[in-house]
Structures are given as structure tokens and as C-alpha cells.
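What follows is the residue order along each chain.
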Amino acid sequence: DAGITQSPRHKVTETGTPVTLRCHQTENHRYMYWYRQDPGHGLRLIHYSYGVKDTDKGEVSDGYSVSRSKTEDFLLTLESATSSQTSVYFCAIRPGLAESTGELFFGEGSRLTVL
Amino acid sequence: AQSVTQLGSHVSVSEGALVLLRCNYSSSVPPYLFWYVQYPNQGLQLLLKYTSAATLVKGINGFEAEFKKSETSFHLTKPSAHMSDAAEYFCAVSESGYSTLTFGKGTMLLVSP
């Protein structure tokens, strides 16, 4: 158990509304990531963070923003949700011991449906 | 840029048969390679990793993978499939221990009695 909690686990929203997904970790890991999973696309990196207030874009960052004001929380925001953002969103962390070997540990996912 | 290709979106085997899931990678530097498994409605779980040590890597649940630089491959195998192995499997590559992971599109393993 990597101590990752994602909330909400399920959300249905309407096009044009803002949505925020939260990733909470309990072990003060430096690196945190947001991926989205879609059939036929695998997992694609949206944004990641390497410390408080330090974030960077991934390959599919358009339409998403992130914030990390505390070590334990990494928030993903869809400013104006679109149907193309219907997906399962996974948060991941890179434990301190894994910083040199690269593996990530994942949360249980947040399923977002945009109508 | 790094990339991963998983051959076959679905692989079907009978219980007790050999499991072979294929992964080829592209990387400009010696890669770090990973296999993850995802059971329905769950997150991804690390099966095994290659980080430039032994080329044959053993993981959990009886799985293993062999790094072949000449073939740029990191195929996942298990000698005898079990019904509980039915899941989706993802190969991933990183260019260092500090780089982001790039995932393949996944292979769904179906196991029949």
C-alpha cells in the first residue's frame, strides 16, 4: 500500500463545468503524477510534480491544470470539462527509495464522466 | 524520445499454457523497463522492473521478463497461466530513474479453463 488516496472515485459532470480531482499521499514523497487511462491509449501523462509548487507538463496537458501547495496533496483541475476528458484518472507517486530506479506506485483511480 | 509498443491488444491462452506478452521499446539511452498489471477497477501494480542489472528479471506471481538489447525487447512470460492472471498488462519505459514513465497501450490477457 503506497498510501495514496484519490477523491472522488467516481464523478459525473456536465460539459463546461469545472472539476477538481484530489490525490493525497501520507508519506511525504517528492514526486507525484497524474495520468489518464483510455481504451486503446494506455496511460498518458498529464502533469507531474517534483515538489511543492514545482510542476511540469506531460504529453496531454491541454485543458488541465495542477497545483501542489502541500507535499501531501496534488490537485488536478479541469477548468471547463469537455466530453473528451471522460476518462479514468490515476495518481501515482515515486517513493523516495525508488527515485533512482524509477518505478511508480498508483492510486485506485478516479472515473470521470463528462456529459 | 522514448516509446513502447505492445504487440497484441488481446492475448488468449488456456489455463496451464505458456503466457507470452510482447513489448518493444525505443530509447536513446539505456532504458529502465517495467511491467505493470491492472485487475478490473483497480490501479496498476508493479510486476517487475529492469534497471541495468541482470537481464532476466523475476517478478511477482511467477512472471519474468528478459531484456534483449539487440532486439529492443522486454517480453513478459509465465510458464503456466492461471485463471487469476486474467488482467491487463502494461509495459513502460523510462530513460533514467528520475524520468517520467511512458506506457504502452496495454495487452489484455484472457485465460480460459
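Small disclaimer: the values here were computed from a predicted structure and weren't measured.

Enquirer: Quick question: what am I supposed to make of the overall build of chain B here?
Expert: Along the backbone of chain B there are zero helices and 11 strands. Counted from the first residue to the last, chain B has its helices and strands arranged as β-β-β-β-β-β-β-β-β-β-β. Taking 13 Å as the expected radius of gyration for a compact globule of 113 residues, we find that chain B reaches 13 Å, a close match to that expectation. Put simply, chain B has 113 residues, and 44% of those count as buried. As displayed, chain B offers around 5,200 Å² of accessible surface, 53% of which is attributable to carbon and sulfur atoms. Measuring between centres, the 7 positive side-chain charges of chain B sit 4 Å from its 7 negative side-chain charges.

Enquirer: Help me understand the sheet that holds strand S3 (residues 19-25) of chain A, please; the structure alone is not making it clear to me.
Expert: Backbone hydrogen bonds hold the strands of a sheet together, and the pairing may be parallel or antiparallel. All names here are of chain A. Strand order in the open sheet formed by four strands is S1-S3-S8-S7, with antiparallel pairing between adjacent strands. Whereas interior strands pair on both sides, the edge strands pair on one side only; in this sheet they are strand S1 (4-7) and strand S7 (64-70). Mean inter-strand twist for the sheet, computed between neighbouring axes without regard to direction, equals 20°.

Enquirer: Would you mind showing me how to read the layout of surface pockets here?
Expert: One way to see where empty space is left: roll a probe the size of a water molecule over the atoms. Space inside the largest pocket adds up to approximately 540 Å³. Residue lining of the largest pocket: 29 residues in total, with Gln37, Val88 and Arg111 of chain A together with Gln38 and Glu88 of chain B positioned closest to the centre. Looking at the lining of the largest pocket, the elements with two or more residues in it are strand S4 (31-38), strand S9 (87-94) and strand S11 (110-114) of chain A together with strand S9 (87-94) and strand S11 (107-112) of chain B. Residue composition of the lining of the largest pocket, grouped by class: nine nonpolar, 14 polar and six charged.

Enquirer: I would appreciate a short explanation of the state of the cysteines in the present structure.
Expert: Covalently bonding the sulfur atom of one cysteine to the sulfur atom of another cysteine gives a disulfide. Per the counting criterion, the structure on display carries two disulfides over all chains. Bridging Cys23 of chain A to Cys91 of chain A, the disulfide has an S-S length of 1.9 Å. When the S-S torsion is -70°, as for the bridge of Cys23 of chain A with Cys91 of chain A, the disulfide is left-handed. Of the two residues, Cys23 of chain A is situated in strand S3 and Cys91 of chain A in strand S9; the sequence distance between them amounts to 68 residues. Neither residue differs from the other here; Cys23 of chain A and Cys91 of chain A are each classed as buried. Through a disulfide, Cys23 of chain B is tied to Cys91 of chain B; the S-S separation comes to 2.0 Å. Where Cys23 of chain B bonds to Cys91 of chain B through sulfur, the torsion about that S-S bond is close to -65°, and the disulfide is left-handed.

Enquirer: Explain the pairing of strand S8 (residues 73-78) of chain A here, please?
Expert: The side chains of a regular strand alternate, first on one face of the sheet and then on the other. Residues and elements named next belong to chain A. Where burial is concerned, most of S8 is hidden: five out of the six residues are buried. Here six bridges tie S3 to S8, and the two strands are oriented antiparallel to one another. Across the sheet, Cys23 pairs through a bridge with Phe74, a residue of S8. Two elements, S7 and S8, share five bridges in a ladder whose sense is antiparallel. Counterpart to Ser67 in the pairing with S8 is Leu75. In this antiparallel pair of consecutive strands, S7 and S8, the connection spans two residues.

Cut-offs used in this document
Residues numbered from 1 in each chain as written. Chains lettered and ligands numbered in written order. Predicted model: local features only at pLDDT ≥ 70, side-chain atom pairs only at ≥ 80, totals over all residues. Heavy atoms only, no water. Helix = DSSP H or I, 4+ residues; strand = E, 2+ residues; numbered from the N terminus. Rg over C-alpha atoms; globule rule 2.2 N^0.38 Å. Buried < 20%, exposed > 50% of the residue type's maximum accessible area, 1.4 Å probe, protein only. Areas by Shrake-Rupley, 256 points an atom, 1.4 Å probe, with all protein chains shown as cover. Lys, Arg positive; Asp, Glu negative; His and termini not counted. Charge placed at Lys NZ, Arg CZ, Asp CG, Glu CD. Pairing = 2+ DSSP bridges. Axes fitted to C-alpha atoms, helices over the stretch in contact; angles between N-to-C directions. 1 Å grid on protein atoms, 1.4 Å probe; cavity = no way out; pocket = protein on both sides within 12 Å on 5 of 7 lines; lining within 4 Å. Points joined across faces, edges and corners; volume = space filled by probe spheres on them. Nonpolar A, V, L, I, M, F, W, Y, C, P; charged D, E, K, R; others polar. Disulfide = S-S within 2.5 Å.

This is a description of form; function is not addressed.
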